[in-house]
Each structure stands twice: as structure tokens, then as C-alpha cells.
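Residue strings, one per chain:
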Amino acid sequence: MAGKRQHEIRRGLIKVRIRQRKSNLKSGYTVSVVRLYRNGSEWKESARFERDDIPLIRLVLDEAYTWILSRGGELE
């Protein structure tokens, strides 16, 4: 079950989405990372990354972790 989107962080072409998940047993947050790219005039997303994307991915994941902790949340 997909959770409700709570927050999105974008740096350059890297985007992190944070969703809140709730279940009968526990609640928490999930995080997904995508890379934006352009196909003609249309923007698309990919879950494949290049070597030079890694430092930026680390940065946005750190920001996502800080955002979640600031709300007292846990990652699932």
C-alpha cells in the first residue's frame, strides 16, 4: 500500500520522495530516489544512476533522514 506523500527534496536532477506509511502494527516513513532526464521535450524519471550522481544522492538522502528525524519518525 502506497503511503501519503509527505515531502520531496530535489537537488539538480536527483529527487527524493518521502512517504508516510501507517499500518496496524507500526507507522513510519519510506523513501524513494529517482533521477530526472529529458526525452525530447518530455521529462521522465529513472531509478538508474550514473557514477557522478552518487554524491548528490548521498546529500539528498541525508536531508531526507534529517527531515524524518525532525518529525520523530522512523524509516521502515
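Scroll up for the structure.
Residues numbered from 1 in each chain as written. Predicted model: local features only at pLDDT ≥ 70, side-chain atom pairs only at ≥ 80, totals over all residues. Heavy atoms only, no water.

Undergrad: Can you tell me about the pairing of strand β3 (residues 27–39), naming the residues and giving the values?
TA: Every regular strand shows the same layout, with side chains that alternate between the two sheet faces. Where strand β2 (residues 14–22) meets β3, 9 bridges bridge the pair, whose relative direction is antiparallel. Note that in β3 the partner of Val16 across the bridge is Val33. With antiparallel pairing between neighbouring strands as the criterion, β2 and β3 make up a hairpin whose turn holds 4 residues. Linking two consecutive strands that pair antiparallel, namely β3 and strand β4 (residues 42–46), is a turn of 2 residues; a positive phi of about 70° is found at Gly40 within it. (Pairing = 2+ DSSP bridges. Helix = DSSP H or I, 4+ residues; strand = E, 2+ residues; numbered from the N terminus.)

Undergrad: Give me the lowdown on the packing of aromatic side chains, citing residues and values where you can.
TA: Taken as a whole and judged by the stated rule, the model has 1 aromatic pair. Both rings, one in Tyr29 and one in Trp67, keep their centres 5.8 Å apart while their planes meet at 85°; by these two values the pair is edge-to-face. Of this pair, Tyr29 sits in strand β3 while Trp67 sits in helix α1 (residues 54–70); the two residues are 38 residues apart in sequence, bridging distant segments of the chain. Look at Tyr29 and you get buried, because its relative accessible area is 8%. Looking at Trp67, the relative accessible area reads 12%, which means it is buried. (Phe/Tyr/Trp six-rings, centres within 6.5 Å; stacked < 30°, edge-to-face > 60°. Buried < 20%, exposed > 50% of the residue type's maximum accessible area, 1.4 Å probe, protein only.)

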